[in-house]
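# Geometric and topological summary
Here is what each chain is made of, one letter per residue.
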Amino acid sequence: MEPLPQNPLPDPAPLPQTPKMKQAHSPPVVESTPMSQKCTSHAEDEVPQRASVVNKFLEDDIGDGVVFSLDDFATLILELPVDWKVKKDIALQLDSQAVKDAFEAYLSVAIGVAEAEGKKRKGAAGHETQLYRPLANLLNVLKDSDGEEGRLGSDIDEKIFYVQDPRPVLGSRIERKPDLGGIYLQLLELTEGEELSDYLEKNKKIVGVFWGLLLYFVEVKHRKGNFIGMSIRKAAIHPGPSSRTQSDTLPSIAYVVSQSATSTALTSTSASFGDEPLVEDTIQAIGGTKKTTEVVTSQEYARRAEAELRAEQKMSSTQGQRHTRIQCASYAKEMLSNGFIRNHAMGITADDSGFRFQYYDRSKVVESQPFHILNDESKTLLMAMVCQLNKLSTEKLGFIPNLDLNKFDHLRHPEQLTFKFEDDPSALVGATYTFTGSDGRRRRLKITKVLYRAEGIVGRCSIVVEVVCLCREADCFWHEEGNQKTRVMKISFPSKTRPCEDGLIGEARSKAESSGQRWALNHLPEVIDSITFPYHEHTTVQGRLKKHLKDDYEERVMRVTFLEKLHPLSELTDPREYAQVFYDILQIHQWLYECVGILHRDLSSGNIMFRRIDGKVYGVLNDFDLSSRVRDMNHGPTSKQRTGTRPFMSVDLLDSRWAGGHLYRHDLESLFYIILCLACRYKAPGVPAPEPRPYSQWFSGTDREVVTDKNMFLTSPFVLSEDLPIQPYFADFEPWLKSIHYFISEGYHARPRRPIVPMDDANNLDSTEDIPPQTSFNWQTLAGQVTYPRLSRLMSSFRGVPLETRWSG
């Protein structure tokens, strides 16, 4: 696998902006990157995930998606040649007996079940499970590369479709179970002479599959075509196009393909879905990390499936389409967030005799227009797309290049894969990554621990791991006195226009050295190397999408950054050392803003680290992925996607009505929430307080829920009259927390509000002339309540004893 080409990046072009309207008594409008309606990074403070919250984030992702014509989807995403219909070396044997039998078997079941359900069990749960096996058989026949069956070239990899439902795919905290999946045939370990059809018939449900093994998913919906945008009233299952009757609401394949001039936006209508029940069990995964998963019986799976079908039967067509899109997006999220590292994921939705293909990457969700398979032309189209999907290499299916997985070598050679289903390499431990550094040296690194992995589809979605260098070169600076030295590798997918992290850190370190303020070096991370991989315009699907969608597609890069290993807050044991680290972060954050012109913009518990030098602790402000140069913050956003870490975000930035951009004081508010959550949610370092833990809503709620809860926390007289629920171990932080809470609360109370305009018939109300005019309000500091000097004076001592002041600025 060759790496993506390392072409020099051109100067970033400004993103188009819709001007914001400034309203009276509102904060100043700032054209900076908008803050998040989704967490692109999460706090280490783990809480059970709620399906409703996850689905809200997925709605945001699919809400910005597009629908492609079938021609566009086939050529831009599946890489079918434009002239595939007349190309001689693409032989599609539609009149093969095996293909005809497979189509007829699937359509017979699909339309037979649909008609039977409409007549006999109106309003009851359908039998979509009857479609799984004939559909899997159809897809396997279409992609078969042996003999005359549905051939598309001669180099289709050995991939198969199998039935996954009702067992969930392993490796995520919320149960997800696509109906069908695609994996490498080698994973089945067929005995010599054993036929695939016999194996699949004997093993009706393959268990133990985790998200890293899933090449693509298939979701089946049984609602007479309604759930993918079509409606089928009648259909006759006989060979030959003349004997088929089509619904007058069902577009012909010729019409659908002809609509290739434009791509239309995805639409969805609001509907409410309840949370999935979560039965928790904590398991120890590879690498020492813990995961919370569902452990339920097969009877419980069956009960849930029946309940889900009944609920779907009650949905309108629009609600059903929305529900299906969210469900499919949830599978893509798991494929991109668990298991191996991917650039993108793909899937198929099958609805009776209709199909739709889906694509998900870090910038956009794309769907094909739906199409039926009731005539030979549409059957040929399905065959071509399925064959091409299976012809794509693993990298073109989204797996990143240069990552080799121990015992999971199918990224290069599927036939060499040695695997047992009970193994779960989702933690990536043991994998190796090979790269050419800026010094020209080729290095091979081994992943020893997973530190963090973001959940999501669209966004930078960072993966942070510990690595050691496997080279044996005597002069390799990755080794120390002959021993491997642990480093940190971060793989992320930032916007191409966003300033690179290593560049911002380099600016700060250079400023510290050139200005004689070397103290700052102790509080900044050290970047060892950084490599940027752009997506080539012609050879990658992301590049083709950018060229096709232009400004409607945010161009991203894959960036691999190697950094010095630092220590997390959880390794501290002395409250005074915690206090010193927090005071250090306050100082380095202000120095960056005042002396270097960099605003961090993403303070969170995971981004506050420390290092020890001669036994002393020094707080380090880490992760500059979302940081901005202050001089550029009014020149337009550096990304179309919203960013931030929800539990620690300020009330303003969580509120969709805020138009004032990211201000310095918002980071100070974040620092307060970090200290508050440490002191109130842990009874000792790394030891969670008993449930119910305070402020859990901030970690598990939607933006609206968190805004409401934080507003009450900061402004309600009932809440303000209560003591903060600080744990005894962290009791000495009470003076800090009470004072900062007071500062922020007073600042939010002081914000100007719209004057009340009295009604004409309310003579007892004051006239507008009696209302004093609003004075100029300092939004930057909330009328001077939230400032660095105030916090610095407060945090410069702990337990009445001064802490070390690093900077007198």
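Quick caveat: nothing in here was measured; it's all calculated off a predicted structure.

### Quick notes on the overall build of the protein chain
Of regular secondary structure, the protein chain possesses 19 helices and 29 strands. Expressed as a percentage of its 809 residues, the buried residues of the protein chain come to 56%. Relative to all contacts within the protein chain whose residues are 6 or more apart in sequence, the contacts with residues 24 or more apart total 75%. Split by element, the accessible area of the protein chain, about 34,100 Å² in all, is 50% carbon and sulfur.

### Focus on the packing of helix H12 (residues 575-596) against helix H14 (residues 664-681)
Taken N-terminus to C-terminus, the directions of H12 and H14 make an angle of 170°; their axes are 11 Å apart at the nearest point. Considered as vectors, H12 and H14 are oriented roughly antiparallel to each other. Facing Tyr578, Phe582, Ile585, Leu586, His589, Gln590 and Tyr593 of H12, the residues of H14 in contact are Tyr664, Asp667, Leu668, Leu671, Ile674, Ile675 and Leu678. Taken together, the residues of the contact of H12 with H14 sort by class into eleven nonpolar, two polar and one charged.

### Side note on the sheet that holds strand S19 (residues 527-534)
The strand order across the open sheet built from seven strands is S12-S13-S14-S15-S18-S20-S19, with neighbouring strands paired in antiparallel fashion. Only two strands of the sheet have a single neighbouring strand rather than two, namely strand S12 (403-404) and S19. Taken together, the five bridges between strand S15 (residues 463-469) and strand S18 (residues 487-492) define a ladder with antiparallel strand orientation. Along S18, the bridge assignment pairs Ile463 with Ile491.

### Focus: helix H4 (residues 132-143)
Helix length check: H4, at twelve residues, gives a terminal C-alpha distance of 17 Å against a target of 16 Å (1.5 Å per residue), a fit within 8%. Of all twelve residues in H4, ten are buried, a share of seventy percent or more. For H4, every residue scored as buried is listed here: Tyr132, Pro134, Leu135, Ala136, Leu138, Leu139, Asn140, Val141, Leu142 and Lys143.

### Details of helix H10 (residues 501-514)
Because an α-helix completes one turn every 3.6 residues, residues spaced three or four positions apart along the sequence face the same direction. For H10, which comprises 14 residues, the first-to-last C-alpha distance of 20 Å matches the rise-based estimate of 20 Å (1.5 Å per residue) to within 8%. Two residues or fewer past H10, Gly516 is found with a positive phi of approximately 75°.

### A few points about the nonpolar core
Grouped together as the largest cluster of nonpolar side chains are 120 residues, with contacts concentrated most on Ile77, Tyr106, Leu135 and Leu382. Here the element with the most residues in this core is helix H9 (residues 376-391); it accounts for eight residues. Non-local contacts of Leu135, meaning those with residues more than four positions away in its chain, are made with Tyr106, Leu180, Val218, Val220, Ala350 and Phe355. Grouped together as the second largest cluster of nonpolar side chains are 78 residues, Leu603, Leu653, Leu676 and Trp807 included.

### Some details on the packing of helix H16 (residues 703-715) against helix H18 (residues 734-750)
Where H16 contacts H18, the two axes come as close as 8 Å, and the packing angle between them is 105°. By the angle between their directions, the pair H16 and H18 is classed as roughly perpendicular. Residue-level inspection shows Phe713, Leu714 and Thr715 of H16 in contact with H18, the latter providing His741, Ile744, Ser745, Tyr748 and His749. Of the residues in the contact of H16 with H18, the class split is four nonpolar, four polar and no charged.

### Things to note about the sheet that holds strand S24 (residues 616-621)
Across the sheet, which stays open at both edges, the three strands sit in the order S21-S23-S24 with antiparallel pairing between neighbours. Among the strands making up the open sheet, the edge pair consists of strand S21 (567-568) and S24. Where strand S23 (residues 608-613) meets S24, six bridges bridge the pair, whose relative direction is antiparallel. Across the sheet, Arg612 pairs through a bridge with Val617, a residue of S24. Sheet strands touched by H12: S23 and S24. Its angle to S24, the strand with the most contacts, is close to 45°.

### What about the packing of aromatic side chains?
Taken as a whole and assessed by the stated rule, the structure comprises 35 aromatic pairs. On the numbers, 6.3 Å between centres and 40° between planes, the contact of Phe217 with Tyr360 is tilted. Placement of the pair is Phe217 in strand S4 (residues 216-221) and Tyr360 in strand S9 (residues 354-361), with a sequence separation of 143 residues. The exposure classification of Phe217 matches that of Tyr360, with both residues buried. Aromatic pair Phe648 and Phe699: ring centres 5.9 Å apart, planes at 90°, arrangement edge-to-face. One end of the pair, Phe648, is in the loop between strand S25 (628-629) and helix H13 (651-654); the other, Phe699, is in helix H15 (residues 697-700), with 51 residues separating them in the sequence.

### Things to note about the side chain of Lys221
In this fold, Lys221 is placed in strand S4. A distance of 3.5 Å separates the side chain of Lys221 from the side chain of Glu219, its partner in a polar contact.

### A few points about the pairing of S23
Bridge analysis of S21 against S23 gives two bridges, and the strand direction is antiparallel. By the bridge assignment, Pro568 is partnered in S23 with Met609. Where S23 hands over to S24, the hairpin turn is made up of two residues, of which Asp614 adopts a positive phi near 55°.

### Here's the deal with the environment of Cys677
On the secondary structure map, Cys677 appears in helix H14. On the basis of relative accessibility, which here comes to 3%, the residue Cys677 falls in the buried class. A sequence separation of 48 residues divides Cys677 from Pro725, and the C-alpha atoms of the two residues are 9.9 Å apart.

Reading the values: the criteria
- Counting starts from 1 at the beginning of each chain's written sequence and moves along it residue by residue.
- It should be noted that, the model being predicted, local features are given only for residues of pLDDT at least 70 and side-chain atom pairs only at 80 or more, the latter also being counted only at that level, while totals for whole chains, interfaces and linings use all residues.
- The basis for every side-chain value is the complete set of heavy atoms in the structure, and neither hydrogens nor water enter the calculation.
- Secondary structure elements are defined from DSSP: runs of H or I of at least 4 residues count as helices, runs of E of at least 2 residues count as strands, and each element is numbered from the N terminus.
- Residue exposure (1.4 Å probe, protein chains only): buried if accessible area is under 20% of the type maximum, exposed if over 50%, otherwise partly exposed.
- Contact definition: two residues touch when any of their heavy atoms are within 4.5 Å.
- Working definition of accessibility: Shrake-Rupley area with a 1.4 Å probe, residue cover restricted to the visible protein chains.
- Fitted lines through C-alpha atoms give the axes, limited to the stretch in contact for helices. The angle between two N-to-C directions lies from 0 to 180 degrees.
- Here the word oblique covers every angle except those under 35 degrees (roughly parallel), over 145 (roughly antiparallel) and from 65 to 115 (roughly perpendicular).
- Polar here means any residue outside two lists: the nonpolar Ala, Val, Leu, Ile, Met, Phe, Trp, Tyr, Cys and Pro, and the charged Asp, Glu, Lys and Arg; Gly therefore counts as polar.
- The rule for pairing is simple: two strands pair if DSSP sees at least two bridges between them.
- One less than the residue count of a helix, multiplied by 1.5 Å, gives the span that helix is expected to have.
- To qualify as a nonpolar core, a set must consist of buried Ala, Val, Leu, Ile, Met, Phe, Trp, Tyr and Cys residues joined through side-chain atoms within 4.5 Å.
- Only rings of Phe, Tyr and Trp enter the pairing, Trp through its six-membered ring, and a pair is recorded when the two centres are within 6.5 Å. The plane angle decides the type: under 30 degrees is stacked, over 60 is edge-to-face, the rest tilted.
- In protein, a polar contact means a hydrogen-donor-capable atom and an acceptor-capable atom, both N or O and within 3.5 Å, with residues adjacent in sequence counting only if both atoms are side-chain atoms; elsewhere, any N or O pair within 3.5 Å suffices.

All we've got here are geometric facts, nothing functional implied.
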